[in-house]
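# Understanding the architecture of this molecule
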Amino acid sequence: MTLRVAVIGAKGRIGSEAVRAVEAAPDLELVAALGRDSELGELTKAGAEVVVELTHPDSVMRNLEFCTANGIHTVVGTTGWTPERIELLEGWLAAAPGTGTLIAPNFSIGAVLTMQFAQQAAKYFESVEVVELHHNRKADAPSGTATRTAQLIAAARDAAGLPRQSDPTTHGLPGARGADVDGVPVHAVRLRGLLAHQEVLFGDTGESLTIRHDSLHHSCFMPGILLGVRRVVQTPGLTFGLENFLDL
Ligand SMILES: NC(=O)C1=CN([C@@H]2O[C@H](COP(=O)(O)OP(=O)(O)OC[C@H]3O[C@@H](n4cnc5c(N)ncnc54)[C@H](O)[C@@H]3O)[C@@H](O)[C@H]2O)C=CC1
Ligand SMILES: O=C(O)C1=N[C@H](C(=O)O)C[C@H](O)C1
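Scoring rules and cut-offs
Residues numbered from 1 in each chain as written. Chains lettered and ligands numbered in written order. Predicted model: local features only at pLDDT ≥ 70, side-chain atom pairs only at ≥ 80, totals over all residues. Heavy atoms only, no water. UniProt positions renumbered as here; feature names shortened; annotations may be inferred. Helix = DSSP H or I, 4+ residues; strand = E, 2+ residues; numbered from the N terminus. Core = buried A, V, L, I, M, F, W, Y, C linked by side-chain atoms within 4.5 Å. Buried < 20%, exposed > 50% of the residue type's maximum accessible area, 1.4 Å probe, protein only. Contact = heavy atoms within 4.5 Å. Pairing = 2+ DSSP bridges. Right-handed = clockwise from strand over helix to strand, strands pointing away. Near = heavy atom within 4 Å. Polar contact = N/O pair within 3.5 Å; in protein donor to acceptor, adjacent residues only side chain to side chain. Areas by Shrake-Rupley, 256 points an atom, 1.4 Å probe, with all protein chains shown as cover. Axes fitted to C-alpha atoms, helices over the stretch in contact; angles between N-to-C directions. Parallel < 35°, antiparallel > 145°, perpendicular 65-115°, else oblique. Left-handed = near helix turned anticlockwise from the far one by under 90°. Nonpolar A, V, L, I, M, F, W, Y, C, P; charged D, E, K, R; others polar. Phe/Tyr/Trp six-rings, centres within 6.5 Å; stacked < 30°, edge-to-face > 60°.

Below, the discussion takes up the UniProt feature "domain: Dihydrodipicolinate reductase N-terminal" (unreviewed entry) in the protein. As recorded in UniProt, the feature "domain: Dihydrodipicolinate reductase N-terminal" (unreviewed entry) lies at residues 4-107. Split by type, residues 4-107 is 38% helix and 23% strand. Its first and last C-alpha atoms lie 20 Å apart.

So, about the nonpolar core. Ranked by size, the top nonpolar core spans 29 residues in total, and within it L28, L102, F107, I225 and V229 carry the most contacts. When contributions to this core are tallied by element, the ones reaching two or more residues are β1 (3-8), α1 (13-24), β3 (50-53) and α7 (222-232). Setting aside anything within four residues of it in sequence, one finds V229 in contact with L3, V5, L28, V50, V52 and V75. Counting 17 residues, the second-largest nonpolar core is a separate cluster that includes A121, A146, A154 and V186.

Another aspect to go through is the pairing of β3. Because side chains alternate across β3, one face comprises the buried residues V50 and V52, and the other comprises V51 and E53, equally buried. Sheet topology places β1 next to β3; four bridges connect them, and they run parallel. Among the inter-strand pairings, I8 is bridged to a residue of β3, identified as E53. Between the parallel elements β3 and strand β4 (residues 73-76), the chain passes through helix α3 (residues 60-69) in a crossover that is right-handed.

With that out of the way, let us pick up the site of ligand 2. All residues adjacent to ligand 2 are T79, P105, N106, H134, H135, K138, D140, S143, G144, T145, A196 and F221. Interatomic distance of 2.7 Å between a side-chain N/O atom of K138 and an oxygen atom of ligand 2. At a separation of 2.8 Å, an oxygen atom of ligand 2 approaches a polar backbone atom of G144. Out of a free accessible area of 320 Å², ligand 2 has 85% covered by protein chains.

Moving on to the packing of α3 against helix α4 (residues 83-94). Where α3 meets α4, the axes come as close as 9 Å, and the angle between the chain directions of the two elements is 15 degrees. Judged on the interaxial angle alone, α4 and α3 are roughly parallel. The two elements α3 and α4 cross, and the hand of that crossing is right-handed. Contacts between α3 and α4 pair V60, M61, L64, E65 and T68 from the former with R85, L88, L89, W92 and L93 from the latter. In terms of residue class, the contact of α3 with α4 is made up of seven nonpolar, one polar and two charged.

Around ligand 1, a shell composed of 21 residues is seen, among which R13, S59, T79, A104 and F107 lie nearest. A distance of 3.5 Å separates an oxygen atom of ligand 1 from a polar atom in the backbone of G12. With respect to ligand 1, the backbone of P105 contributes an N or O atom lying 3.2 Å from a nitrogen atom. Taken together, the residues of the shell around ligand 1 break down into seven nonpolar, ten polar and four charged.

Under the criterion given, the structure shown has one aromatic pair. A centroid spacing of 5.4 Å and a plane angle of 35 degrees characterise the contact between F125 and F202, whose relative ring orientation is tilted. Pair noted here: F125 is in the loop between α5 (109-121) and β6 (127-134) and F202 is in strand β9 (residues 196-204), with a separation of 77 residues, a long-range link.

Set out below in structure tokens:
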């Protein structure tokens, strides 16, 4: 039995790679590939069971509302998530029992491990900052991965009873210390020629630890997307993070 899969954002940087990956998978069938001018009705007409959503923060909610209302499972790579958006999505899923959504801030195994290692290190260091570096066409900043990394670090620090970091800066330009994500400074670099990179910098007396990950090609996201497609159909409700489908 093959799973009937559609991709929305099929002409984009990651979407075009996802189309090829689904086409090459023997247990999956690509039944639709939607671009900006497509009708969402194509998904139901094609009998899609799973949609891979790789578009834009301005488009993702409409697409997910349609899919969920039609009982189509979704694997979402699009970023720009806020607590309000997640709450809305959870409401749609509650009204569609049996339907599953995976939101993965990052589909690459190295990035997922970076987040896990950072979470593990968080309670041992007084200082921590996140630097993410991406191509210069990216719509959101900081990246979904960096935001999630900072949130996980902050939660680990809180659980260990560490205080919020104090910022000694009293002089300078606004923005120079990055965005504050739950007390963790996050810096976003945008540079032509890059794809997706992240450094998590930890510091304490006499030592520092840097965890760095580099995505060099969009192919690194494909095993995670395919795993998400295969697992989301067995996992009703919202799953946040690919780590939930990995044996880490
Ligand atoms: N979770 C992950 O591992 C990854 C997530 N991403 C995220 O995926 C999203 C897309 O990234 P890129 O491919 O680099 O962007 P892109 O701009 O190259 O591709 C997005 C595509 O979606 C299309 N699109 C926009 N609105 C649409 C709609 N309503 N219906 C159908 N198509 C629509 C655009 O025309 C474009 O072709 C971003 O949010 C990015 O952050 C990107 C790489 C990895
Ligand atoms: O826009 C991208 O390219 C990427 N977006 C995701 C993010 O915001 O974290 C994942 C990866 O960094 C590539």
